[in-house]
Amino acid sequence: MHTSTHASHYLRGIVYKKTIGNYVVHAGERVITCAISPRLRKELIYPIADPGSLSHIVRSVRDIKTVDPVAVGDEVSFIDTLDGSGLIVEVLPRRNRLARVNPGTKKIEQVVVANLDQVVPIFAAAQPEPKWNLLDRYLASAESLGLASLICITKLDLLDGDMCQFAEVETYRNIGYPVILTSAATGLGMDEFRVALQGRVSVFIGKSGVGKTSLLNAIQPGLGLRVNEVSQATEKGKHTTTNLAMFPLDAGGSVVDTPGMREFGLWDVNKDDLAQLFPEMRPWVGNCRFGLDCTHTHEPGCAIRRAVENGQVSQRRYLSYLRLREG
Ligand code: GDP
Ligand code: ZN
């Protein structure tokens with residue numbers, strides 16, 4: 001979309017928070033609560049609706065609360081009305097996005113966070129036990145969106161110094177994923193974690209109970225509490241994406257917690273391309289006897305299965321691959 005000749009009146013900012021109908025935009029030191037122009041809504045919704053179905057389009061526009069054209073993390077142009085409020089007139093092109101499909105409105109994607117630098121899957125070393133399969137799902141999803149991942153294993157103090165059960169950490173590091181080991185209880189790894197978050201937009205992903213709030217508070221006192229307030233407000237409402245917020249870090253950069261991101265997944269990935277989302281399998285893709293037609297499940301002369309047998313690809317990661325293929 002081109003801005004008009006009045007573009008010089010527009011200001012630029014980043015959307016940090018949404019509530020229904022309102023967008024909190026940070027522009028430098030200023031924080032402006034904005035509304036959105038009806039024209040912008042229509043322009044942005046039509047192109048993503050199913051073009052073959054007129055009724056679909058009509059419904060999607062009426063159902064505006066669940067299909068919001070502005071996401072947390074978006075860079076926007078807005079008109080400053082100089083009374084502390086503003087009107088968003090344009091969403092600038094997104095570098096990337098984390099999206100989900102709205103239940104009941106197939107093909108309409110709801111962008112949850114835009115312009116992020118990294119996805120941070122968080123698991124506890126114990127209580128609850130880490131679910132490596134779920135981590136593999138998160139990582140493949142991030143790969144499919146072209147996003148970097150930073151793995152965080154926390155509550156390390158619960159391990160009693162027994163690191164042998166963490167052979168998996170080496171597996172991930174060998175693939176090339178950074179893994180940070182932390183404990184909010186002892187402060188272990190917190191300096192390293194802060195550095196890894198500094199100056200970046202990071203999206204935390206992890207089930208409740210893994211220690212996200214404690215970690216956020218350890219990174220920056222008060223941060224976890226603020227994020228938790230938003231999560232609670234979110235759980236009450238039906239439209240889980242409308243109350244999402246991004247929190248600035250004192251050291252620069254920001255963090256988005258993602259309550260209700262169960263849908264974060266592989267919804268737009270073709271099964272035949274799945275091996276590409278496992279970086280350690282990529283070198284073998286295309287080298288199977290059946291070339292790119294190989295599903296790497298049972299075929300003779302499969303280069304990926306050979307790599308598993310030779311220990312070049314972890315057996316467990318391969319099993320995750322098979323599970324993701326099954327859906
Ligand atoms: P969230 O639901 O992911 O935000 O998890 P919380 O931060 O609320 O933590 C869940 C539980 O794990 C709480 O009882 C915390 O006290 C505990 N917990 C969090 N971090 C640590 C840690 O580093 N070590 C230990 N031992 N317990 C932790
Ligand atoms: Zn194969």
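Residues numbered from 1 in each chain as written. Chains lettered and ligands numbered in written order. Predicted model: local features only at pLDDT ≥ 70, side-chain atom pairs only at ≥ 80, totals over all residues. Heavy atoms only, no water.

Colleague: An account of the nonpolar core is needed here, citing residue identities and associated values.
Modeller: Nonpolar side chains in soluble globular proteins tend to end up buried together. Of all hydrophobic cores here, the largest spans 33 residues; its most connected members are V113, L116, I151, I153 and Y172. Broken down by secondary-structure element, the contributors of at least two residues to this core are β7 (109-114), β8 (118-124), α3 (132-144), β10 (151-154), α4 (167-175), β11 (179-181) and β12 (201-205). If you tally residues by element for this core, the top one is α3, at six residues. When near neighbours in sequence (up to four residues on either side) are disregarded, L116 contacts R95, N96, R97, L98, L147, V201 and V203. Membership of the second largest hydrophobic core comes to 22 residues, among which are C152, L197, L215 and I219. (Core = buried A, V, L, I, M, F, W, Y, C linked by side-chain atoms within 4.5 Å. Buried < 20%, exposed > 50% of the residue type's maximum accessible area, 1.4 Å probe, protein only. Helix = DSSP H or I, 4+ residues; strand = E, 2+ residues; numbered from the N terminus. Contact = heavy atoms within 4.5 Å.)

Colleague: Tell me about the packing of α3 against helix α9 (residues 315-326), and name the residues and values.
Modeller: Put simply, α3 and α9 touch, their axes get as near as 10 Å, and they point 70° apart. Of the possible angle classes, the one that applies to α3 and α9 is roughly perpendicular. Pair α3 / α9 crosses with right-handed handedness. Across the interface between the two elements, W132, N133, D136, R137, L139 and A140 of α3 pack against R316, R317, S320, R323 and L324 of α9. (Axes fitted to C-alpha atoms, helices over the stretch in contact; angles between N-to-C directions. Parallel < 35°, antiparallel > 145°, perpendicular 65-115°, else oblique. Left-handed = near helix turned anticlockwise from the far one by under 90°.)

Colleague: Describe in detail α9, supporting the description with residues and values.
Modeller: Spanning twelve residues, α9 covers 17 Å between terminal C-alpha atoms, matching the ideal 16 Å at 1.5 Å per step. Each element contacted by the buried residues of α9 is listed here: α3, α4 and α8 (303-309). A distance of 3.2 Å separates the backbone nitrogen of R316 from a side-chain oxygen at the start of α9, and that oxygen is part of S314. Looking at the residues trailing α9, positive phi occurs at G327, about 105°. (Expected span 1.5 Å × (residues − 1). Polar contact = N/O pair within 3.5 Å; in protein donor to acceptor, adjacent residues only side chain to side chain.)

Colleague: Any details on the site of ligand 1? Residues and values, ideally.
Modeller: D157, G209, K212, T213 and S214 are the nearest of the 14 residues found near ligand 1. Interatomic distance of 2.6 Å between a backbone N/O atom of G209 and an oxygen atom of ligand 1. Contact with the protein chains hides 65% of the accessible area of ligand 1, taken as 570 Å² for the molecule alone. A breakdown of the residues in the shell around ligand 1 according to their chemical character gives four nonpolar, six polar and four charged. (Near = heavy atom within 4 Å. Areas by Shrake-Rupley, 256 points an atom, 1.4 Å probe, with all protein chains shown as cover. Nonpolar A, V, L, I, M, F, W, Y, C, P; charged D, E, K, R; others polar.)

Colleague: An account of the confidence of the model for the protein chain is requested, with residue identities and associated values reported.
Modeller: Close inspection of predicted coordinates is inappropriate in any region flagged by low pLDDT. With 78% of its residues at a pLDDT of at least 70, the protein chain reaches an overall mean of 83. Within the protein chain, α8 carries the highest mean pLDDT (98), whereas helix α2 (residues 54-62) carries the lowest (43). Every residue in residues 1-8 is under pLDDT 50, and counting partners more than four places away or in other chains gives eight contacts. Long-range and interchain partners of residues 46-66, a stretch whose pLDDT sits below 50, account for 31 contacts in this model, where long-range means more than four residues apart. (pLDDT = per-residue confidence, 0-100.)

Colleague: Give a description of the side chain of Q118 that names residues and reports values.
Modeller: Its place among the elements puts Q118 in strand β8. Not counting the four nearest positions on each side in its chain, Q118 is found in contact with A148, L150, A196, L197, R200, V201, S202 and V203.

Colleague: Could you give an account of the coordination of the zinc ion (ligand 2), with specific residues and numbers?
Modeller: Summarising the metal site, the zinc ion (ligand 2) is bound by the protein donors C288 (SG), C294 (SG), H296 (ND1) and C302 (SG), whose distances to it range over 2.1 to 2.4 Å. Of note is the zinc ion (ligand 2), whose four donor atoms meet at the metal with angles of 103 to 114° in an arrangement that counts as tetrahedral. Linear spacing of the donor residues for the zinc ion (ligand 2) on their chain is C-x5-C-x1-H-x5-C. Judged by its relative accessible area of 6%, C288 falls in the buried class. (Donors = N, O, S within 2.8 Å, 3.2 Å for Na, K, Ca; no water. Tetrahedral: all angles 85-135°; square planar, octahedral: opposite > 155°, others 65-115°.)

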